[in-house]
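As a plain string of letters, each chain reads:
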Amino acid sequence: MKIHLSSVFVDDQDKALRFYTDVLGFVKKHDVPMGDDRWLTVVSPEDPHGTELLLEPSGHPAVQPYKMALVEDGIPATSFAVDDVHAEFDRLRELGVRFTQEPLEMGPVTTAVLDDTCGNLIQIVHSG
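Just so we're clear, the structure is a prediction, and the values are computed from it rather than from any experiment.

What counts and how
- Residues numbered from 1 in each chain as written.
- Predicted model: local features only at pLDDT ≥ 70, side-chain atom pairs only at ≥ 80, totals over all residues.
- Heavy atoms only, no water.
- Helix = DSSP H or I, 4+ residues; strand = E, 2+ residues; numbered from the N terminus.
- Contact = heavy atoms within 4.5 Å.
- Pairing = 2+ DSSP bridges.
- Axes fitted to C-alpha atoms, helices over the stretch in contact; angles between N-to-C directions.
- Patch = residues over 30% accessible without salt bridge, like charges linked within 9 Å, V, L, I, M, F, W, Y side chains within 5 Å.
- Areas by Shrake-Rupley, 256 points an atom, 1.4 Å probe, with all protein chains shown as cover.
- Salt bridge = Lys/Arg side-chain N within 4 Å of Asp/Glu carboxyl O.
- Lys, Arg positive; Asp, Glu negative; His and termini not counted.
- Charge placed at Lys NZ, Arg CZ, Asp CG, Glu CD.
- UniProt positions renumbered as here; feature names shortened; annotations may be inferred.

Asks: Got a minute to help me understand the environment of lysine 15 in this structure?
Replies: Structurally, the position occupied by lysine 15 is in helix α1 (residues 13-23). Through-space distance from the C-alpha of lysine 15 to that of alanine 87 is 24 Å; in sequence the pair is 72 residues apart. Among residues more than four places away in sequence, those in contact with lysine 15 are Thr117 and Cys118.

Below, the structure is given as structure tokens:
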């Protein structure tokens, strides 16, 4: 068994698609109209057949309180592996990304947390 799909709730699918592709570097995999929303997924260009991230509309009434509580407590909605947190932090900061946690080394793990502009905190991590 392996993870096929994970999701983040986003306030605006178009804005999320731009951020997750143009800024973070993922590529669009599926974009299927479903009424007012879409089945919209992105994948890593390094693993185009790997785990998909669904940019899921946050229209359900439970989603906004959930997202707000996570952000208020500084809890990331998900985590992405990178080869070098410091280099990725520098690259993303140059692109105007706002971080809520600068790179932090905790033994063999280095993390940083960014704001995805769509209502979520996202952690980037490298473990050595």
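We are not done yet, so read on.
Asks: Mind showing me how you'd approach the sheet that holds strand β1 (residues 5-10) here?
Replies: What links the strands of a sheet is backbone hydrogen bonding, and the strands pair in either a parallel or an antiparallel sense. The 4 strands are arranged β1-β4-β3-β2 in an open sheet whose pairing can be described as mixed. Where the open sheet ends on each side, the last strands, each with one partner, are β1 and β2 (27-34). Neighbouring strand axes in the sheet, compared pairwise and without regard to direction, differ in orientation by 25° on average. Taken together, the 7 bridges between β2 and strand β3 (residues 37-43) define a ladder with antiparallel strand orientation. Residue pairing across strands places methionine 34 opposite aspartate 37, the latter belonging to β3. Sheet strands in contact with α1 are β1, β2, β3 and β4 (52-57), and its direction is about 5° off that of β3.

Asks: Sorry, what's going on with a negative patch on the surface here?
Replies: Taken together, the side chains of Glu46, Asp47, Asp83, Asp84, Asp90 and Glu94 present a region of like negative charge at the surface. Along the chain, glutamate 94 falls in helix α3 (residues 85-94).

Asks: What exactly am I supposed to notice about the UniProt feature "domain: VOC" (unreviewed entry) in the protein chain here?
Replies: Sites flagged by UniProt as "domain: VOC" (unreviewed entry) map to residues 2-127. For residues 2-127, helix accounts for 25% and strand for 42%, while the C-alpha atoms at its two ends are 20 Å apart.

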